[in-house]
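# Tertiary structure, described
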Amino acid sequence: MSSTKYILGLFDDPDVMMHGIDKLQKNSIPIYDVYTPMPIHGIDAKLGVKESRLGYAAFMFGCLGGTVIFSIIYYCLVHDWPMNIGGKPYFAVPDFIPATFEWTVLFTAFGMAFTFFYATHLFPGRAPRVMDLRATDDRFVIAIDAKGNVPHEDITNILKEAGAVEVKHNTRKYVSYE
């Protein structure tokens, strides 16, 4: 059995790569992932990538931040240390709005940063995982899991017919920068 983990098709043009995705899908070859040096319009829909749920996480972080500061202010100004300032009631909601807004934004921003790092495994200090180093510079890479039922030669031929500049058989999952 071959030690190849991934077959990489390297393209030098995004339109040719999109044509390669079509050819692979037409031949029922599952695509592991696609790496590009820039965003490409329509590639998510073509690969069947689901809509992101990060918006829900942002909403929940905002609600958490607003609730936390509202609770702190309410406790401090109404229960713990009530002060009569200018005859206003202790629970004057308009006074709470600026701080509540600021903490909502703060919790959303920090929560989304931590969520992004968690979801993408890009914690500070961790080396980035890249299939081929040229995917961050000038090549468009289609990665195909080599463990499938389709023979490697057939996949290689389909990629070359689709216009791949180079076809590589990776034995490791990711390339390190060292």
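What counts and what doesn't
- Residues numbered from 1 in each chain as written.
- Predicted model: local features only at pLDDT ≥ 70, side-chain atom pairs only at ≥ 80, totals over all residues.
- Heavy atoms only, no water.
- UniProt positions renumbered as here; feature names shortened; annotations may be inferred.
- Helix = DSSP H or I, 4+ residues; strand = E, 2+ residues; numbered from the N terminus.
- Salt bridge = Lys/Arg side-chain N within 4 Å of Asp/Glu carboxyl O.
- Buried < 20%, exposed > 50% of the residue type's maximum accessible area, 1.4 Å probe, protein only.
- Patch = residues over 30% accessible without salt bridge, like charges linked within 9 Å, V, L, I, M, F, W, Y side chains within 5 Å.
- Areas by Shrake-Rupley, 256 points an atom, 1.4 Å probe, with all protein chains shown as cover.
- Axes fitted to C-alpha atoms, helices over the stretch in contact; angles between N-to-C directions.
- Parallel < 35°, antiparallel > 145°, perpendicular 65-115°, else oblique.
- Left-handed = near helix turned anticlockwise from the far one by under 90°.
- Nonpolar A, V, L, I, M, F, W, Y, C, P; charged D, E, K, R; others polar.

### Let's talk about the UniProt feature "transmembrane region" (unreviewed entry) in the protein chain
Under the UniProt annotation, the feature "transmembrane region" (unreviewed entry) is placed at residues 54-76 and 96-119. As annotated, residues 54-76 comprises 100% helix and 0% strand, and the C-alpha atoms at either end are separated by 33 Å.

### Some points on the pattern of salt bridges
Tallying each qualifying case throughout the model produces two salt bridges. Lysine 46 serves as the salt-bridge partner of aspartate 22, at 2.9 Å between the closest nitrogen and oxygen. Of this pair, aspartate 22 sits in helix 1 (residues 14-26) while lysine 46 sits in helix 2 (residues 43-47), and the two are 24 residues apart along the sequence. Owing to a relative accessible area of 36%, aspartate 22 belongs among the partly exposed residues under this scheme. The partner of lysine 23 in a salt bridge is glutamate 161, with the nearest N and O atoms 3.6 Å apart.

### Thoughts on a nonpolar patch on the surface
On the surface, a cluster of nonpolar side chains totalling about 500 Å² of accessible area is made up of Ile72, Trp103, Leu106, Phe110 and Phe114. Locating tryptophan 103 in the fold gives a position in helix 4 (residues 93-120).

### As for unusual backbone geometry
Positive phi, normally seen in glycine, also occurs at serine 28, with a value near 60°. By secondary structure assignment, the location of serine 28 is in the loop between helix 1 and strand 2 (33-35). For serine 28, a relative accessible area of 59% gives the class exposed.

### Remarks on the packing of helix 3 (residues 54-80) against helix 4
In a pair of packed helices, the angle between the axes and the distance between the axes together describe the arrangement. Between helix 3 and helix 4, the shortest axis-to-axis distance is 7 Å and the interhelical angle comes to 140°. Regarding the angle of helix 3 to helix 4, the classification is oblique. In the packing of helix 3 onto helix 4, the handedness of the crossing is right-handed. The residue makeup of the contact of helix 3 with helix 4, split by class, is 17 nonpolar, eight polar and no charged.

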